[in-house]
Amino acid sequence: QVQLVESGGGLVQPGGSLRLSCAASGFTFSTYAMSWYRQAPGKERELVATITSVGGITNYADSVKGRFTISRDNAKNTVYLQMNSLKTEDTAVYYCNANRVRSMRVWDYWGQGTQVIVSS
């Protein structure tokens, strides 16, 4: 059974930091690209950051570049999102995603989300 379990969300003041974790099970974690998405109230879900399965190449939304860092530990089947210099506009539910495309077949899994609230 595939599971993605996010943790680490919470309430933080502007300028603060949080580290989100996503523990994966039920699939071959190292072969999947891993991403973090977020969805703020009344807005569409947006891609925050991605890390590839091979080479660990990262990509970020412009709104978080220089503040957020995505990383993965294949030995622990876990992906992280280090969030620094948080702003009120970072408030959202953050979702972990695992994605693999091979031979025209797509595997795509989602976690249940973790709430991040940035407020003074």
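Our subject in this report is the structure included herewith. Sequence order as written defines residue numbering, which begins from 1 separately in each chain. It should be noted that, the model being predicted, local features are given only for residues of pLDDT at least 70 and side-chain atom pairs only at 80 or more, the latter also being counted only at that level, while totals for whole chains, interfaces and linings use all residues. The basis for every side-chain value is the complete set of non-hydrogen atoms in the structure, without hydrogens or water.

Considering the overall build of the protein
So the rule is basically this: In this description a helix means any DSSP run of H or I spanning at least four residues, a strand means any run of E spanning at least two, and both kinds are numbered starting from the N terminus. We take the radius of gyration over the C-alpha atoms and set the globule estimate at 2.2 Å times the residue count to the 0.38 power. Throughout this description, buried means an accessible area under 20% of the type-specific maximum (1.4 Å probe, protein chains only), exposed means over 50%, and partly exposed covers the range between.
From N to C terminus, the protein includes zero helices and 11 strands. Scanning the protein from its N terminus toward the C terminus, one meets helices and strands in the order β-β-β-β-β-β-β-β-β-β-β. Here the C-alpha atoms of the protein give a radius of gyration of 14 Å, agreeing with the 14 Å that 2.2 N^0.38 yields for 120 residues. Its C-alpha atoms give the protein principal-axis dimensions of roughly 45 × 25 × 25 Å. Classification of the 120 residues of the protein by burial places 40% in the buried group.

Remarks on the pattern of salt bridges
The test is simple: What counts as a salt bridge is simple: a side-chain nitrogen of Lys or Arg found within 4 Å of a carboxyl oxygen of Asp or Glu.
Per the stated rule, a full pass over the model turns up four salt bridges. With a shortest N-O distance of 2.6 Å, Arg38 and Glu46 are connected by a salt bridge. Overall, the relative accessible area of 6% leaves Arg38 in the buried class. A salt bridge links Arg67 to Asp90; its shortest N-O distance comes to 2.7 Å. With Arg67 in the loop between strand E6 (58-60) and strand E7 (68-73) and Asp90 in the loop between strand E8 (78-83) and strand E9 (92-102), the pair connects residues that are 23 residues apart, well separated along the chain.

A closer look at the pairing of E8
Basically, it comes down to this: Pairing between strands is defined by DSSP: at least two bridges between the two strands are required.
In terms of residue burial, E8 counts as a mostly covered element, since five of its six residues are buried. Sheet topology places strand E3 (residues 18-25) next to E8; six bridges connect them, and they run antiparallel. Following the sheet pairing, Leu18 is matched in E8 by Met83. With six bridges joining them, E7 and E8 adopt antiparallel strand pairing. Looking at the pairing, Ser71 lines up with Tyr80 of E8. Count of turn residues in the E7/E8 antiparallel hairpin: four residues, of which Asn77 carries a positive phi of about 50 degrees.

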